[in-house]
Amino acid sequence: MYDVIVVGGGVTGAASAALLAREGLRVLVCDRTRLPAPAVSTHFFGPTTLSFLDRLGVLDEVLATGAPPLRRWHLEVEGGYYGAPMLPRSPYHYNLCVRRETLSGVLLRAASRHGAEIRERSPVRSLRWDGDQVIGIEGAGWSEKARIVVGADGRGSATARQAGAATTFDAGAMRCTFHAYWEDVVPLPAPALELWHDDGHVLQVGPCDGGRWVIMVSAPLEEYAALRAGAGGDEGYERLLRSIPAMADRLRAARRVSPVYASKSLRNFHREPAGPGWRLAGDAYCHKDPLFGAGITDACAAAETLAATVPLAVDGDTPQARESYATRLDERVGRKVRAGLAGLRIDPPEPGQLAWIRGVLAHPGLALEMTRRCSELFAGLPEDRRDFWQRVADGASEVLGLPPAASVDPS
């Protein structure tokens, strides 16, 4: 009998197993594939996740993967650009860009050191039940019992489906995503987290572990077929990158060293996260477009929420224990998706806006001053629009490493 069985050995499952095993629980991780496994995702994470990794005792191991600390950010918008150091708002004033299989490998080793059992290539066929209570899992010719089963098996979670977890929010897919790995990209003078905006497309670019670069393209959903063009499904992606003059210069001697990973089924949704004997975490609970850039951070948040609530449920999974998990998880993860959907609607700027955008980017002090003056700017807005623009300002301050935006004065 295990205290906890975690279905899925990605970042969410591995981080959850490490924390739960560290709490002294008997933990089993099962995954249908060989571990660690790659994932179609973005790879950037910042101070919140770095702090988590440090508390778990694995930050040095993550840094040893060779992913350079990104202590600057670089914003390229319609041919104008602005770069600056990330402000030291915490002891971890940098970002990292680490492939998912590399990060989950570090976390799986940590889970194993804390006593968790890792069982790869062991697909789970069904949950085990005692009445309406989940009591374990079954595979091909094997079964295991547990007091709590955690589904960390991705947005298509079989655990969620078999547990009957209801979808409680669904905004559908709004964008499609393409990413690939490259070598010999012309670097910036100093490593940076790069965000590029071009004609309604958003690029995330950065050097990651293994001496590689990841270049992700987020595009409107209706462009999926065009960007997927070509026999290998990669011509449209590369054609778009090389159509941006500054990016074409960066790629003049570069080589793509992976397939182009593409997805158009990036629904923004969350499900009921808990029931008798079961919990959902990571994308199994809440999936969001990679443009949010929150997948790894939310995985760590779910792991910490499990560690704070599951030990109390091991001796008896009460409605109060389930409600505690659901409420905490919604506060840390779910509400961000509901609030942030407007940010996925990225329209190309009107011609008359380009001069303004380039002017702002050419004067770094202006961006800083705008965040300080947000409350004055908001004062003339209709009340129903203030919350939206407050979120925009807060998000910009967080992403760009600026001081917190001024808040609307309710008086």
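A short tour of the structure in this document, coming up. No experiment lies behind these values; they were computed from the predicted model shown.

This part covers the sheet that holds strand S21 (residues 286-287). Pairing in this open sheet of three strands is antiparallel, and the strands run S11-S18-S21 from one edge to the other. Both outer strands of the open sheet, strand S11 (167-173) and S21, are each paired with one neighbouring strand and no more. The pairing of S11 with strand S18 (residues 267-271) spans four bridges and is antiparallel. Among the inter-strand pairings, Phe169 is bridged to a residue of S18, identified as His270.

A few words now on helix H2 (residues 47-56). What H2 keeps buried is the set Thr49, Leu50, Ser51, Phe52, Leu53 and Leu56. Buried residues along H2 sit in contact with helix H1 (11-22), strand S3 (44-45), helix H3 (59-63), strand S6 (96-97), helix H4 (100-113) and helix H9 (295-313). Of the residues one or two after H2, Gly57 is the one with positive phi, at around 85°.

It is worth spelling out empty space enclosed by the protein at this point. Taken as a whole, this structure holds one cavity of 30 Å³ or more when the rule is applied. There is about 30 Å³ of room inside the largest cavity. What lines the largest cavity is Gly282, Tyr285, Cys286, Lys288, Asp298, Ala302, Leu329 and Val333. Only H9 and helix H10 (319-340) provide two or more residues apiece to the lining of the largest cavity. Looking at the lining of the largest cavity residue by residue, the class counts come to five nonpolar, one polar and two charged.

For the α-helix, the turn length of 3.6 residues means that residues three or four positions removed from each other point alike. If you check H9, its first and last C-alpha atoms are 26 Å apart, about what 19 residues at 1.5 Å a residue would give, namely 27 Å. Ala307 marks where H9 bends most, by close to 30°; the proline Pro311 follows one to four residues later.

Taken as a whole and judged by the stated rule, the model has zero disulfides. Of all cysteine sulfurs in the structure, the one in Cys97 sits closest to Cys208, which takes part in no disulfide; the separation is 4.7 Å. Using a relative accessible area of 3% as the deciding quantity, one classes Cys208 as buried.

Among the secondary structure elements, Arg250 is positioned in helix H8 (residues 245-250). A polar atom in the side chain of Arg250 sits 2.5 Å from the backbone oxygen of Val186. At a separation of 2.8 Å, a polar atom in the side chain of Arg250 contacts the side chain of Glu194. Discounting chain neighbours no more than four positions away, the residues touching Arg250 are Asp184, Val185, Val186, Pro187, Leu188, Glu194, Trp196 and Trp213.

With that settled, the discussion passes to the packing of aromatic side chains. Following the criterion strictly, the structure yields three aromatic pairs and no others. Ring centres 6.4 Å apart and planes at 35° place the aromatic pair Trp182 and Tyr237 in the tilted group. Placement of Trp182 in strand S12 (residues 175-183) and of Tyr237 in helix H7 (residues 235-242) is noted, with a sequence separation of 55 residues between them. As far as the burial class goes, Trp182 and Tyr237 line up, both buried. The ring of Tyr181 has Arg99 sitting right over it, with the charged end atom 6.0 Å from the ring centre. Here the guanidinium or amino end of Arg267 rests over the ring plane of Phe269, the centre of that ring lying 4.1 Å away.

Ranked by size, the top nonpolar core spans 73 residues in total, and within it Val4, Val27, Phe45, Leu53, Leu103 and Leu107 carry the most contacts. Aside from chain neighbours lying at most four places away, what touches Leu53 is Phe45, Val58, Leu59, Val62, Leu103 and Leu107. In this structure, Ala180, Tyr224, Leu240 and Leu241 belong to the second largest nonpolar core, which totals 22 residues.

Bringing the packing of H1 against H2 into the picture now. It is the contact of H1 with H2, at a shortest axis distance of 11 Å, that shows an interaxial angle of 40°. Judged on the interaxial angle alone, H2 and H1 are oblique. Note that H1 runs across H2; the crossing there is left-handed. Of the residues in H2, those touching H1 at Ala15, Ala18, Leu19 and Arg22 are Phe52, Arg55 and Leu56.

Calculation notes
Residues numbered from 1 in each chain as written. Predicted model: local features only at pLDDT ≥ 70, side-chain atom pairs only at ≥ 80, totals over all residues. Heavy atoms only, no water. Pairing = 2+ DSSP bridges. Helix = DSSP H or I, 4+ residues; strand = E, 2+ residues; numbered from the N terminus. Buried < 20%, exposed > 50% of the residue type's maximum accessible area, 1.4 Å probe, protein only. Contact = heavy atoms within 4.5 Å. 1 Å grid on protein atoms, 1.4 Å probe; cavity = no way out; pocket = protein on both sides within 12 Å on 5 of 7 lines; lining within 4 Å. Points joined across faces, edges and corners; volume = space filled by probe spheres on them. Nonpolar A, V, L, I, M, F, W, Y, C, P; charged D, E, K, R; others polar. Expected span 1.5 Å × (residues − 1). Bend = angle between axes of the 7 residues up to and from the residue. Disulfide = S-S within 2.5 Å. Polar contact = N/O pair within 3.5 Å; in protein donor to acceptor, adjacent residues only side chain to side chain. Phe/Tyr/Trp six-rings, centres within 6.5 Å; stacked < 30°, edge-to-face > 60°. Lys NZ or Arg CZ within 6 Å of the ring centre and 35° of its normal. Core = buried A, V, L, I, M, F, W, Y, C linked by side-chain atoms within 4.5 Å. Axes fitted to C-alpha atoms, helices over the stretch in contact; angles between N-to-C directions. Parallel < 35°, antiparallel > 145°, perpendicular 65-115°, else oblique. Left-handed = near helix turned anticlockwise from the far one by under 90°.

Note that every value here comes from positions in space, so none of it alone points to a role or purpose.
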